[in-house]
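# Observations on chain architecture
Listed below, chain by chain, are the residues.
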Amino acid sequence: MNTKSIALRHASSAVPHRQLGVVLFVALIAMVVMSLAGVALIRAVDTTGSVAGNLAFREASIPAVNMAVEEAVQALYLAKPLPLIVNTEVDDPKYRYYAKLQPGELSNGVPAVLAGTYKTVSGAYPFAVTTYPTTKAEVRAVIERICSPASPGFPLTVAQKLQYCDTLPPKVSVAKTSMKKGGATLPPIPLYRVTVRVDLPGTNTASFAQAMLH
């Protein structure tokens, strides 16, 4: 009787050891799953924070973009007694003006001089950088007349402007004050593209905007 009872005790005591091994294995799997879920949650929170930050920066960059566009309008049209860009037939680096579209622009229309990372554009941008006073964002802008990069040397004739440049037809009334047919032939109205890039130093966020002037 003693021998059988001892054997039974040994047999029954061996079962819990096997069960403890299975429980440990299941616990390890559960820990791995929970770790992966925690990492995914952290990444989701980081992504949400980045998106929210980008949207906030986009909204904050609107005043800086408006400032750059207003400066372009002032240089092309509003300055008195003469526009700041006196001769639109030639490049004017002082006012970041090109007399025709520059080669190498991206498929989305961003000029090559404004494309790339913050480090790249900081080294490639050849003009003065404007700092927006409130946000301290760096504003870079380029004014381009909408003429093909393949257009010949300037100045262009009226026929060449019609061939190589996108223009608007002059606003001529059909009625003449002299009640006579005909009248002076007005030149086509040129189009200008203003491209603005706003960077916040210390971040990887950049905001782009374009405006068409005529």
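This section reports on the structure supplied with the text. (Residues numbered from 1 in each chain as written. Predicted model: local features only at pLDDT ≥ 70, side-chain atom pairs only at ≥ 80, totals over all residues. Heavy atoms only, no water.)

### Observations concerning unusual backbone geometry
This is how it is decided: Secondary structure counts use DSSP, requiring at least four H or I residues in a row for a helix and at least two E residues in a row for a strand, with both numbered from the N terminus. When accessible area is computed with a 1.4 Å probe and restricted to protein chains, residues below 20% of their type maximum are described as buried, those above 50% as exposed, and intermediate ones as partly exposed.
One non-glycine residue, arginine 96, lies in the positive phi region at around 60°. One can find arginine 96 in the loop between α1 (2–78) and β1 (97–98). Here arginine 96 falls in the buried class, since its relative accessible area comes to 12%. Even without being glycine, lysine 136 reaches a positive phi, approximately 65°. Relative to the assigned elements, lysine 136 resides in the loop between β2 (130–131) and β3 (138–145). The class for lysine 136 is exposed, based on a relative accessible area of 54%.

### A short note on the state of the cysteines
Operational definition: Put simply, a disulfide is two cysteine sulfurs that come within 2.5 Å.
Within the structure shown, the criterion is met by 1 disulfide. Covalently, cysteine 147 is tied to cysteine 165 through a disulfide, its sulfur atoms 2.0 Å apart. With the S-S bond torsion at 105°, the cross-link from cysteine 147 to cysteine 165 turns out right-handed. Remark: cysteine 165 occurs in the loop between α3 (158–164) and β4 (167–168) and cysteine 147 occurs in the loop between β3 and α3; sequence separation between them is 18 residues. Residues cysteine 147 and cysteine 165 agree in their burial class; the two are buried.

### What to know about the pairing of strand β6 (residues 192–199)
Let me state the cut-off plainly: DSSP-based pairing: two strands are paired if at least 2 bridges between them are found.
Taken across its 8 residues, β6 has 8 buried, putting it largely inside the fold. Alternating residues of β6 divide into Tyr192, Val194, Val196 and Val198 and Arg193, Thr195, Arg197 and Asp199, and every residue in both groups is buried. Two strands pair when backbone bridges link them, and β3 and β6 are joined in this way by 8 bridges, in the antiparallel orientation. Opposite alanine 141, over in β6, you have valine 196 as the bridge partner. Across 8 bridges, the pairing between β6 and strand β7 (residues 206–213) is antiparallel.

### Concerning the packing of aromatic side chains
The test is simple: Put simply, two rings from Phe, Tyr or Trp (the six-membered ring, in Trp's case) pair if the centres are within 6.5 Å, and we call them stacked under 30 degrees between planes, edge-to-face over 60, tilted for the rest.
Under the definition given, this model contains 4 aromatic pairs. The interplanar angle of 75° and the centroid separation of 6.4 Å between the aromatic rings of tyrosine 77 and tyrosine 192 together place this pair among those described as edge-to-face. Of this pair, tyrosine 77 sits in helix α1 while tyrosine 192 sits in strand β6, and the two are 115 residues apart along the sequence. The exposure class assigned to tyrosine 192 is buried, which follows from its relative accessible area of 4%.

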